[in-house]
Every structure is written in structure tokens, then in C-alpha cells.
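The chain contents come next:
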Amino acid sequence: MEKLNGQSMNLTENNIDSLKQIFPEVFTEGKIDFDKLKLILGDSIEANDERYEFRWNGKNNAIKIAQTPSMGTLRPDFDSSKNWDNTENLYIEGDNLEVLKLLQKSYFGKVKMIYIDPPYNTGKDFVYKDNFRDNISNYKELTNQTTKANPETNGRYHTDWLNMMYPRLKLARNLLKEDGVIFISIDENEVANLRKLCDEIFGEDNLVSEIAWEKKYAPQNDAKYFSLNHEQILCYAKSKPLFNRNLLPMTQEQIERYKNPDNDERGPWQSDNLTVATYSANYDFPIETPSGKIINPPHGRCWRTSKEKFEELVKDNRIWFGETGENTPRIKRFLSEVQQGRVPISLWYYSEVGHTQEASKEVKDIFDDKKFFDYPKPVKLLYRMCYIATNKDDIIVDFFSGSATTAHSVMQLNSEDGGKRKFIMIQLPEINEEKSEAYKAGYKNICEIGKERIRRAGEKVVSESGKTDLDIGFKVFKLDDSNIKEWNPNYDEIAVTLEEMVDNLKSGRTKEDLLFEMLIKMGIELTAPIQEVKVGDKTLFNIGRGSLIVCLEDNITEEIIKEIPKYKSEFMDMKVVFKETGFGSDSLKMNSMQNLKQFGITDVRSV
Ligand SMILES: C[S@@+](CC[C@H](N)C(=O)[O-])C[C@H]1O[C@@H](n2cnc3c(N)ncnc32)[C@H](O)[C@@H]1O
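Residues numbered from 1 in each chain as written. Predicted model: local features only at pLDDT ≥ 70, side-chain atom pairs only at ≥ 80, totals over all residues. Heavy atoms only, no water.

Trainee: What am I meant to see in the site of the ligand here?
Mentor: In the vicinity of the ligand, 20 residues are found, and the nearest of them are Asp117, Ser403, Thr405, Gln427 and Glu430. In the environment of the ligand, an oxygen atom lies 2.8 Å from a nitrogen or oxygen atom belonging to the side chain of Gln427. Between the ligand and Leu428, the relevant distance is 3.2 Å, taken from a nitrogen atom to a main-chain nitrogen or oxygen of the residue. Starting from 610 Å² of accessible surface for the ligand in isolation, the protein chains cover 93%. (Near = heavy atom within 4 Å. Polar contact = N/O pair within 3.5 Å; in protein donor to acceptor, adjacent residues only side chain to side chain. Areas by Shrake-Rupley, 256 points an atom, 1.4 Å probe, with all protein chains shown as cover.)

Trainee: How do you make sense of the packing of helix α13 (residues 405–417) against helix α15 (residues 446–465) when you look at a structure like this?
Mentor: Axes are the key here: two packed helices are described by the angle between their axes and the distance separating the axes. Where α13 meets α15, the closest approach of the two axes is 10 Å, and the angle between their N-to-C directions is 20 degrees. Classed by the angle they form, the pair α13 and α15 counts as roughly parallel. The crossing of α13 and α15 is right-handed. Residues Thr405, Ala407, His408, Met411, Gln412 and Ser415 of α13 form the contact with α15, whose participating residues are Arg453, Ile454, Ala457, Gly458, Val461 and Ser465. Considered class by class, the residues forming the contact of α13 with α15 number five nonpolar, six polar and one charged. (Axes fitted to C-alpha atoms, helices over the stretch in contact; angles between N-to-C directions. Helix = DSSP H or I, 4+ residues; strand = E, 2+ residues; numbered from the N terminus. Parallel < 35°, antiparallel > 145°, perpendicular 65-115°, else oblique. Left-handed = near helix turned anticlockwise from the far one by under 90°. Contact = heavy atoms within 4.5 Å. Nonpolar A, V, L, I, M, F, W, Y, C, P; charged D, E, K, R; others polar.)

Trainee: Just checking my understanding: could you explain the pattern of salt bridges for this structure?
Mentor: Opposite charge on two side chains lets them pair, provided their charged atoms get close. Summed over the entire model, instances satisfying the criterion amount to 48 salt bridges. One salt bridge connects Arg509 with Asp480, and the closest N-O pair in it is separated by 3.6 Å. One end of the pair, Arg509, is in the loop between α16 (494–502) and α17 (511–521); the other, Asp480, is in strand β20 (residues 474–481), and 29 residues separate them in sequence. The class of Asp480 is buried, set by a relative accessible area of 12%. (Salt bridge = Lys/Arg side-chain N within 4 Å of Asp/Glu carboxyl O. Buried < 20%, exposed > 50% of the residue type's maximum accessible area, 1.4 Å probe, protein only.)

Trainee: In this structure, what is going on with the domain arrangement of the protein chain? I would like to understand it.
Mentor: Many authors give the size of an interface as the accessible area that is lost as the parts come together. Here the domain parsing of the protein chain yields domain 1 (2–52), domain 2 (73–249 + 342–481), domain 3 (252–334) and domain 4 (491–606). Each of domain 3 and domain 4 has a C-alpha centre, and these two points are 74 Å apart. (Domains from an automatic or database assignment.)

Trainee: Can you walk me through the sheet that holds strand β21 (residues 530–535) in this structure?
Mentor: Each strand in a sheet pairs with another by means of backbone hydrogen bonds, the pair being arranged parallel or else antiparallel. Ordered by their spatial adjacency, six strands build an open sheet running β1-β25-β24-β23-β22-β21, and the pairing between neighbours is mixed. A strand with exactly one partner marks an edge of an open sheet, and here the two such strands are β1 (2–3) and β21. Pairing of strand β24 (residues 575–578) with strand β25 (residues 603–606) involves four bridges; the strand directions are parallel. In the sheet register, Phe578 faces β25, and the bridge partner there is Ser606. (Pairing = 2+ DSSP bridges.)

Trainee: Quick question: what am I supposed to make of helix α19 (residues 586–598) here?
Mentor: The periodicity of an α-helix, 3.6 residues per turn, causes residues three or four places apart in sequence to face the same way. Taking 1.5 Å as the rise per residue, α19 with 13 residues should run 18 Å; its terminal C-alpha atoms sit 19 Å apart, in good agreement. Among all positions in α19, only Leu588, Lys589, Ser592 and Leu596 are buried. End-on, the buried residues of α19 take up no more than an arc of 100 degrees, which puts them together on one face. Relative to its buried face, α19 has exposed residues pointing more than 90 degrees away, namely Asp586, Met590, Lys597 and Gln598. Where α19 is buried, its residues meet α18 (558–563), β24 and β25. Count one or two residues on from α19 and you reach Gly600, which has phi positive near 80 degrees. (Expected span 1.5 Å × (residues − 1). Arc of directions from axis to C-beta.)

Okay, structure coming up:
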């Protein structure tokens, strides 16, 4: 029986497996023969020391940090969740690096859109410092103190920021679907570095757009040089050829440009030029207007159709010669036949997507006119990203979620188009300053603000839309160290340690804690349905309709083993997990394994 350890997905092993699939011949006794790999790759190897590359102090360490598995877990917090039993949304409290590591197995390749709004590194904001050795203890320490800024006077100003961003973006990319995209808000402090970083992680060919968002509605007249009225949003696809963006809805102004002066039964239309500049003699012919006037294309141009096609168009009443029938002919474009939407442009005006003051007001309105959060983004800004990049059943992640604007926008969009998009918000429980309004009102950290905003925004969306079937709930999870004791023997007192390891679970942890740790470490989504099955006074958990059965009982009986195959689906394999110390004897353990094998259940593990 394989033992589950407390680690998240091992990305290095994953990469090695992928390499093995492509180049089995470069492996000798399980190790990679680099010389052979170089031979296979031929001229594509860059051997020049002066090659183009983006380097900074600590980059190698940042690469290592991205690869190191997490020793943490996500513990459910039922009390601060909303609609636990029915919701498919998640709110995760913790450092996003550890959380992203923990989500790797369950959400690998499943997320359609990621939005992040990281610290811009303005010199006043806090930049999280990872600790390679023990990032979970580091996290616990950091979240107990008020966070400090990364001042520009710090010699490692850009370096600190890049070291923080690199591993997070690397892990974020793994979560994206093949047709998924990431949007990243940034301003001029780090946009140049972020472009280079993303070019490296996502590939420069996958840059979809560098969007300019007009964030202010008026100039700042006391600006020393320029009033900075915009910031950037970088959009990268996992694979640009696979990304299909949605068109934006047409504006009222655009729709109103379509008229119907001849009462055409096909509805309103707009006329378009019938001539083109790419000259072809076959398309250069005289046209007689209904009023009898002869018209030729202007010099150097020709008609966009052949004579035959033109005559068909006239018969079909698709050519317009003006009210009087004597103008240069134009082609009619019917509203019902044009693409129903606008191609998004790279300039996003506040009149369409909101500005920073509007965003602050939105959050204030939610919290009874009190200012609890600095620098939120407008709901309309996130709404637009979700509109362009997602479809009705997609998962959207924001791992610097702040006041949870992204969750608000997802609920809003779902209420308008009947979608069932799901959100995953990740946020550090960064402590609010004691003198802040939020702290005084009882919101001790930013997660408290984010969760309350989703609760209130959800109710608001429901009351404004009148829709009662919206998913406005969320399951809360909190980052903590693994529920499973680390195998960390103290060689001076080995007997004591072995004794301690007999019960492999940390004290103070609940069955549910362990259950959800298994889900994430076995690659099952945290919102998978969980059925509790009673066998006498013992409990089995049937997770994801038979994909995983978990039994955390002591004194496991034959009745329990007999019950398990009843939940096996013929369409998928079943995994089973028992508590390591749950079997009274080795012979019962062996028999149980044999019995399960008869039903084709071979993946049996222990914790
Ligand atoms: C600029 S705010 C995001 C604002 C958000 N877009 C909104 O509309 O409210 C950035 C957030 O990232 C959070 N943060 C910083 N480092 C983090 C980390 N390592 N893990 C998770 N969250 C982090 C900060 O606490 C802050 O709330």
C-alpha cells in the first residue's frame, strides 16, 4: 500500500516524465544524458556566452522555488464560507505561491482565465519574500506581522519583485487551459520587466495585447512632468493560436448607425464603399444608375465585385444608389448579417470600463460608505476581461484578489448571460493597520474584507437581477502546514520518533482537514461532491461520484471493505485511502487489499 506524503505535486518529476515521453533515448539508468540531448537538438542549441537573455540576482533560486513541492495543505473553514453545500466557488486564504503549488494537481490545465493585480513595486507597497527552506513557517511568521514596504532605496528593489513574481507566474501557467489566458495589471514601474518575464514564461509569440487602461477621468494638474492617466494590462495566452476571444457587444451608437430608408424586409442596414484600391481590369466596368447616369470607378480603383456578381446583388436589392437613385452605388450591410459585436481594441477608456475613483466608490458603497480598501479595480474592468476571454462554464482565478473585485464581476456577468462561471480567489491574510477604518470595524485582515465583499456583492447582484439560481456562495480554505506528520526522524531518540509516527496525523486536525488534503494531493477538485456513507457506526467518504473513497476510521471491518465496490463507476478507476493505523491486524489489511483487487480496485493508499 503506497503511503501518501504531505507534499504537493512534484513538478520536476512531471517535467522529467514529459521529457522521457519525447526523448526516451536520452535516459540512461534513469538519468538524463545531456550530450545526447544536445546531439538530438542539433543547431537549436545556443552555445554563445553573449546570448540574449533576461537575468537578475536570485533568478536560479526563483526557478528552484517554483519547482519545490509545498508541504502545506488547505484546511476548510465552514464557518466563514457561504452556501458550503452547493457552491462551486473558492476563497483561499494564504500566500499565493504555496496555494498555487497546492492547486497544481487538481486544477492543472483547467483554468480559462487568470487575472492578477500584483503589487506594482511603487516603493510603498509590500512585496512578499519567499523562504526556500520552510515557506510555510515563513508564511505563518509574515502573516502575524503588519507587512512592510519594498522601498526604492533597497538595493534589490527590482530583484525582490522579480523573485517574487517569477515562481508565481510559472505555476500560474500550468493551471491554464490550452486556450486560456492571463491578464496582469501593472504600471510603468515594472511594466518593462514584466514584459520580459512573461515573454520568457509564456513565450513572446503568445502576447495577445498590451492594453492601456485609462484609469483617471481627469488630469492631475500638480503632476511634475506628465499626469499619468493610464496603466497597462498585459494579456498572454497559453497558446495564442488556440485562444478565441469573444467580441464585445455593439454600442447603442453603433446599432443606431443602421437605418432602413427603403423599408427592406431584412431590417436595418448601413451602406459600404463598393470600390477597392487593389486594381483588376475585370472589375472595372461602367454601371448605369436607376436614374440613367453612367458611373465608372475612380481612377486607380475598381469595383469590389465582377459584373455578374454585381447584377445578382442589384436583383437581390443589395445595392444602394441613394434616395434619388443617381449616386455612386454602395453595398448594403445588414445588421442581421454582420458579426454581432465589436473587436476589442487595446485602449480601454474609463467611460466603458470605469476608473480608479469609481472602483473605490463601488467598494465603499458595499461597506456602508466606509473606506476599507485602497486601490481596488472597477467591476466593469474585470467584467470586460471575463467577457472577452471566458465562456459560460469556465473557471476564473485571481491570486492577488484584494477586495475580490474579480469575484464580484464574475457573479455580475453570470447574472446577465445565465453563465455558470466559477471563481477561485486567493489572498494573503495581510493584517490591516490598527488605525485603519477596516480594522476598527472588525476587519482584521484583507481576507475578511474580501469575503464580506463577496457576501454583500452576491446579494446585491441577486436583488438587482432578480435571479435566484445564481451561485453567490464560496467555500473558504486556509493555508496551513500538512495534517500529515513529516518523516523527520531524530536519530538520537529514534525509538520515540517511531512511536510518534505510529499515528501519522498531527493532533488537533479534523477528519475534514485530512479529507481535503487528500483531495488536493490526489488531484481532485476542492468542490467535488462528497457523499458521507454510514456503515454501522463507521463513515466512508465517496468523493467525486466514485473516483475516491476515503476511510479514516480505526478498527476497519470487513463490512466496510464490502461496501466500497458498490460505489465504483464502470467508467473510471477508483482510488481508496485508509488510515495507516486503521487496520487491527496485518492479515486483515492483506485480505482487504485482495478483496478490493477482485473488483478491479488496485490504487489503495494510506495516510
Ligand atoms: C493591488 S491589490 C489587488 C486589488 C484587487 N484587484 C481589487 O480589485 O481589490 C494586491 C493584493 O495582493 C495581496 N498580496 C500580496 N502578496 C501576496 C501573496 N504573496 N499572496 C497572496 N496575496 C498577496 C495584497 O494583500 C493585496 O491585497
